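Chains, contacts and geometry: an overview
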2 protein chains.
Amino acid sequence: MEGVNQLKNKKYAADIDSIKEAHTRISPFIHKTPVLSSTSLDSISGKQLCFKCECFQKGGAFKIRGASNAIFSLEDDQAAKGVVTHSSGNHAAAISLAAKLRGIPAYVVIPKNAPACKVENVRRYGGQVIWSEATMQSRESTATAVQQRTGANLIHPFNDKRIISGQGTISLELLEQVPDLDTIIVPISGGGLISGVTLAAKSINPSIRVLAAEPMGADDAARSKLSGRLITLSDTNTIADGLRASLGDLTWPVVRDLVDDIVVLDENEIIKAMRLCYEVLKLAVEPSGAIGLAAILSDQCKQKPYWKDMRKIAIVLSGGNVDLGVLWESLK
Amino acid sequence: MEGVNQLKNKKYAADIDSIKEAHTRISPFIHKTPVLSSTSLDSISGKQLCFKCECFQKGGAFKIRGASNAIFSLEDDQAAKGVVTHSSGNHAAAISLAAKLRGIPAYVVIPKNAPACKVENVRRYGGQVIWSEATMQSRESTATAVQQRTGANLIHPFNDKRIISGQGTISLELLEQVPDLDTIIVPISGGGLISGVTLAAKSINPSIRVLAAEPMGADDAARSKLSGRLITLSDTNTIADGLRASLGDLTWPVVRDLVDDIVVLDENEIIKAMRLCYEVLKLAVEPSGAIGLAAILSDQCKQKPYWKDMRKIAIVLSGGNVDLGVLWESLK
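The residue numbering used here restarts from 1 in each chain and proceeds along that chain's sequence as written. Chain letters and ligand numbers both follow the written order, the letters beginning at A and the numbers at 1. Given that the model is predicted, a residue must reach a pLDDT of at least 70 before its local features are reported, and side-chain atom pairs must reach 80 or more before they are shown or counted; all residues, however, enter totals for whole chains, interfaces and linings. Computation of side-chain values covers all heavy atoms of the structure but excludes hydrogens and water.

Digging into the overall build of chain A
Counting secondary structure elements, chain A contains 17 helices and ten strands. Against the globule reference of 20 Å for 332 residues, chain A gives a C-alpha radius of gyration of 18 Å, in line with a compact fold. Overall size of chain A, expressed as C-alpha extent along the three principal axes, is 60 × 55 × 40 Å. For each residue, the accessible area found with a 1.4 Å probe, counting protein chains only, is set against the maximum for its type, and the residue is called buried under 20%, exposed over 50%, and partly exposed in between. Within chain A, buried positions represent 62% of all 332 residues. Taking all contacts inside chain A whose residues are at least 6 apart in sequence as the whole, residues at least 24 apart take part in 74%. Only the protein chains shown count as cover for residues, with accessible areas throughout obtained via the Shrake-Rupley method and a probe of 1.4 Å. Of the roughly 12400 Å² of accessible surface on chain A, a fraction of 48% belongs to carbon and sulfur atoms. Think of it this way: Lys and Arg go in the positive column, Asp and Glu in the negative one, and His and the chain ends go nowhere. For charged residues, the charge sits on one atom: NZ in Lys, CZ in Arg, CG in Asp, CD in Glu. Averaging the locations of the 38 positively and 35 negatively charged side chains of chain A gives two centres separated by 2 Å. Each helix is a run of H or I in the DSSP string that is no shorter than four residues. Each strand is a run of E no shorter than two, and both are numbered from the N terminus. Using C-alpha atoms as the atom set, the radius of gyration is obtained and then compared with a globule rule of 2.2 Å times the number of residues to the power 0.38. Contact definition: two residues touch when any of their heavy atoms are within 4.5 Å.

Quick notes on the sheet that holds strand 9 (residues 261-265) of chain B
Residues and elements named next belong to chain B. Any two strands with at least two DSSP-identified bridges between them are counted as paired. Reading across from one edge, 1-2-10-7-8-9 is the order of the six strands in this open sheet, with mixed pairing throughout. Where the open sheet ends on each side, the last strands, each with one partner, are strand 1 (35-36) and strand 9. Inspection of the sheet shows strand 8 (residues 209-215) paired to strand 9 by five bridges, in the parallel sense. Bridge pairing links Pro215 to Leu265 in strand 9. For every element, the axis is a line fit to its C-alpha atoms; helices are fit only across the contacting stretch, and the angle between N-to-C directions ranges from 0 to 180 degrees. Along the sheet, helix 9 (residues 161-177) contacts strand 1, strand 2 (48-53), strand 7 (183-187) and strand 10 (312-317); its crossing angle with strand 2, the most-contacted strand, is approximately 135°.

A closer look at the domain arrangement of chain A
Residue and element names in this part refer to chain A. What counts as a domain boundary in this text is fixed by an automatic or database domain assignment. When its domains are assigned, chain A resolves into domain 1 (2-62 + 162-321) and domain 2 (63-159). Spacing between the C-alpha centres of domain 1 and domain 2 amounts to 23 Å. Listed by partner, the interface residues are 38 residues for domain 1 and 29 residues for domain 2. The term buried area refers to how much accessible surface (probe radius 1.4 Å) is lost by two components on association, counted for both of them together. Summed over both sides, the interface of domain 1 with domain 2 buries roughly 2500 Å², with 55% coming from carbon and sulfur. Looking at the side of domain 1 facing domain 2, the largest losses of area belong to Phe29, Arg162 and Ile163, adding up to 28% of the total buried there. Take a side-chain nitrogen of Lys or Arg and a carboxyl oxygen of Asp or Glu: if they are within 4 Å of each other, that pair is a salt bridge. Run the count over domain 1 and domain 2 and you get two salt bridges. The partner of Arg65 in a salt bridge is Glu173, with the nearest N and O atoms 2.9 Å apart. Pairs of N or O atoms within 3.5 Å make up the polar contacts considered here, provided that, within protein, one atom can donate a hydrogen while the other can accept it, and that residues adjacent in sequence are counted only when both atoms are side-chain atoms. For the pair domain 1 and domain 2, the interface holds 14 residue pairs in polar contact (both at pLDDT 80 or more). For the side of domain 1 that touches domain 2, the secondary structure elements donating two or more residues are helix 2 (16-26), helix 9 (161-167) and helix 10 (169-177). Top element by residues in the side of domain 1 that touches domain 2 is helix 9. It accounts for six residues.

Describing the state of the cysteines
Each disulfide is one covalent bond, formed between the sulfur atoms of two cysteines. Residue and element names in this part refer to chain B. Here, two cysteine sulfur atoms that lie within 2.5 Å of each other are counted as a disulfide. Applying the stated rule across the entire model yields zero disulfides over all chains. Cysteine Cys277 shares no disulfide, and the gap to the nearest cysteine sulfur, in Cys55, comes to 7.8 Å. A residue is classified by how much of its surface remains accessible, and Cys277, at 0% relative accessible area, is buried.

Regarding the sheet that holds strand 2 (residues 48-53) of chain A
Working definition: the strands of a sheet are paired by backbone hydrogen bonds and lie parallel or antiparallel to each other. All names here are of chain A. Reading across the sheet, the six strands line up as 1-2-10-7-8-9 and stay open at both edges, with mixed pairing between neighbours. Across the chains shown, the open sheet's two edge strands, defined by having one partner strand only, are strand 1 (35-36) and strand 9 (261-265). Here helix 12 (residues 220-227) sits on the sheet in contact with strand 8 (209-215) and strand 9, set at roughly 140° to strand 9. Helix 15 (residues 287-297) contacts strand 2, strand 7 (183-187), strand 8, strand 9 and strand 10 (312-317) of the sheet and is inclined by roughly 155° relative to strand 10.

A look at the packing of helix 4 (residues 63-73) of chain A against helix 6 (residues 90-102) of chain A
Each packed pair of helices is defined by two parameters, the angle between the axes and the distance between the axes. Residue and element names in this part refer to chain A. Remark: helix 4 packs on helix 6, axes separated minimally by 8 Å, with the N-to-C direction vectors making an angle of 40°. Classed by the angle they form, the pair helix 4 and helix 6 counts as oblique. Considering how the two elements wind past one another, helix 4 and helix 6 form a crossing that is right-handed. Contacts between helix 4 and helix 6 involve Lys63, Ile64, Ala67, Ser68, Ile71 and Phe72 on the former and, on the latter, Asn90, His91, Ala94, Ile95, Leu97, Ala98, Ala99, Leu101 and Arg102. Class assignment for the residues of the contact of helix 4 with helix 6 results in ten nonpolar, three polar and two charged. In this scheme, roughly parallel covers angles under 35 degrees and roughly antiparallel covers those over 145, while 65 to 115 is roughly perpendicular and the rest are oblique. We call a crossing left-handed when the near helix sits turned anticlockwise from the far one by less than a right angle, and right-handed when that turn is clockwise. Gly is placed with the polar residues, together with every amino acid not listed as nonpolar (Ala, Val, Leu, Ile, Met, Phe, Trp, Tyr, Cys and Pro) or charged (Asp, Glu, Lys and Arg).

Looking at the environment of B:Cys53
Residue and element names in this part refer to chain B. Position of Cys53 among the secondary structure elements: in strand 2. Overall, Cys53 belongs to the buried group, its relative accessible area being 0%. As a C-alpha pair, Cys53 and Ser318 span 265 residues in sequence and 7.0 Å in three-dimensional space. Setting aside its immediate chain neighbours within four residues, Cys53 contacts Thr33, Pro34, Leu36, Leu283 and Leu317.

A short note on the packing of aromatic side chains
Here is the rule: rings of Phe, Tyr and Trp (six-membered ring for Trp) pair when centre to centre is within 6.5 Å. Planes less than 30 degrees apart are stacked, more than 60 are edge-to-face, and the remainder are tilted. This model, assessed by the stated rule, comprises three aromatic pairs over all chains. Ring geometry for A:Tyr278 and B:Tyr278: centres 5.2 Å apart, planes at 55°, overall tilted. With A:Tyr278 in helix 14 (residues 267-281) and B:Tyr278 in helix 13 (residues 267-281), this pair bridges two chains. When sorted by exposure, A:Tyr278 lands in the same class as B:Tyr278, which is buried. Ring plane angle 15° and centroid distance 4.1 Å describe the contact between B:Phe29 and B:Phe72, whose orientation is recorded as stacked. With B:Phe29 in the loop between helix 2 (16-26) and strand 1 and B:Phe72 in helix 4 (residues 63-73), the pair connects residues that are 43 residues apart, well separated along the chain. B:Phe29 gets classed as partly exposed once you look at its relative accessible area, which sits at 22%.

Examining the pattern of salt bridges
Residue and element names in this part refer to chain A. Scanning all chains against the criterion turns up 32 salt bridges over all chains. Measuring nitrogen to oxygen at the nearest pair gives 3.0 Å for the salt bridge that ties Lys112 to Glu133. Of this pair, Lys112 sits in the loop between strand 4 (106-111) and helix 7 (116-124) while Glu133 sits in the loop between strand 5 (128-132) and helix 8 (136-150), and the two are 21 residues apart along the sequence. For Lys112, a relative accessible area of 54% translates into the label exposed. Given the relative accessible area of 43%, Glu133 is considered partly exposed.

Brief notes about helix 6 (residues 90-102) of chain B
Residues and elements named next belong to chain B. By definition here, a helix of n residues has an expected span of 1.5 Å times n minus one. For helix 6, built from 13 residues, the straight-helix expectation of 18 Å at 1.5 Å per residue is met to within 8% by its first-to-last C-alpha distance of 18 Å. Among the 13 residues of helix 6, eleven are classified as buried, and the element is accordingly described as predominantly covered. Taken together, the buried positions of helix 6 are occupied by Asn90, His91, Ala92, Ala93, Ala94, Ile95, Ser96, Leu97, Ala98, Ala99 and Arg102. Looking at the buried side of helix 6, the elements it contacts are helix 4, helix 5 (76-79), strand 3 (83-86), strand 4 (106-111), helix 7 (116-124) and helix 9. Trailing helix 6 by a residue or two, Gly103 shows a phi angle of about 80°, which is positive.

So, in structure tokens, the structure goes:
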């Protein structure tokens, strides 16, 4: 219970109060997404699963929660200069959408390897696209340059209290929709989503288990957790394009102290989960979004000491923005 | 209003009473499927659209409504001999599932060109697969042979009062979920779905418009409606594998008298709609299921005299059983 005591000391970037404030602030701009279940997947997994469908969220991913919290937190004179961010896609689209809702400009630094559908989303919502190299260093330096040129407010995709608080609103909805959960499984990348979800969920129910699901080709969180110190990766390789970032100094302490375990998945496990989402749940879920289902279905998870204690499990399907252009062309 | 007066004379195979009875009978076995909407698709279409998500129905399609109504209508001694049907897939899976729920055998005649995922569904639900040629003649003669051998009850996929009444329960839910609809768009194949939906909807609201959406490569309903007599096609060619059947003698009168119009779509329009379901609605919808969205987005529909009168439109997304095996293999 060390983690939970630390939670009470409010030593982390966000807390239940900032998350509840965020929920009040962003409710007019977001969907309360539905929770779905499937007897087929319950039967396959041997557990009672429920799926928090952030693929139905505005912009097709959970990111609008943090983005709208950050943008609607700004004072008017600050806001007028606009906002700037760097992102592989879903955060970028969410910032563009939230800025449009507030009527301010959004400057978005996008790495060259981002999926086309996510770039399109940014443009559709009126964001101004600025390209960078795929490395975190290039993303950050390009964003800083834009910030210096325009005076816009930098909104980091995950290492930001406002973002973490916004993403945490998922737990407020989820524990109202399904109060008797014992486990929540969340994709992990920079850690904004899992930090918010964990801080809110463990504040409401300290005994709830939070598991992170991470791709083998971008396993900085698992390496960090194992070694007890923050490890960042300069090179990542995974189909889960939303999970390529490394943890930041605000999210690492939450992962270190409060996230119960990290399940690492290979590419085939991720694709198989995405396919099950499509064929069984009838949902479009991107690889990053399906990884939580991959975790519960993995052999690795079945060997964990807590496997037998898991009964009712929520899986956050974090987004549904997936590029299947090749497929549609092939059907013609 | 000629059609509506005819409706009051109860000259059709089903009526509001048989549909309400069906709803009471099948409610324990089916999902009340959600209705979704999308500001993006409203903006693309210029109309207020809502989507009745039968892709989330048990077995992945609306067919369980009719199948469970038919099977739970049987007397115990009749039921004991089992049921037999022929179907390109979704009705077959639904009959298998409903028979399993009742604990009786299901014999299912499936044409050789049915999608693999639909055949798998039949087997998963315990149905016994018997192959036939792709023609309606071969399907029917094979089913008759099985019936003679086993004594099983033949449950036709659409030309059956119990089936039509079961499918009509969609309208009872839909008009409760969205009471102020002016139009419902429904895929048309053998006509069981559209007959039930039309009979129920026009009984509740005589001024509601019902449009059928039909693939150009299986346009028997449009040809029949145009010529005023039932035309069946022996050869069809469309990606919408669920829409290859021709109308029957019980469904044709409803289509002739009460369905307001038939919109005919080409293959690219159907695929484009399926892609929009995936990319915008985040739903897996099979080609047959997406055709209603194709109809409202077609140039043809915009030139109809009733286009300007349509404001709030429900589109029945009839099923989500789609074979994308090639795609998933290509991702590996």
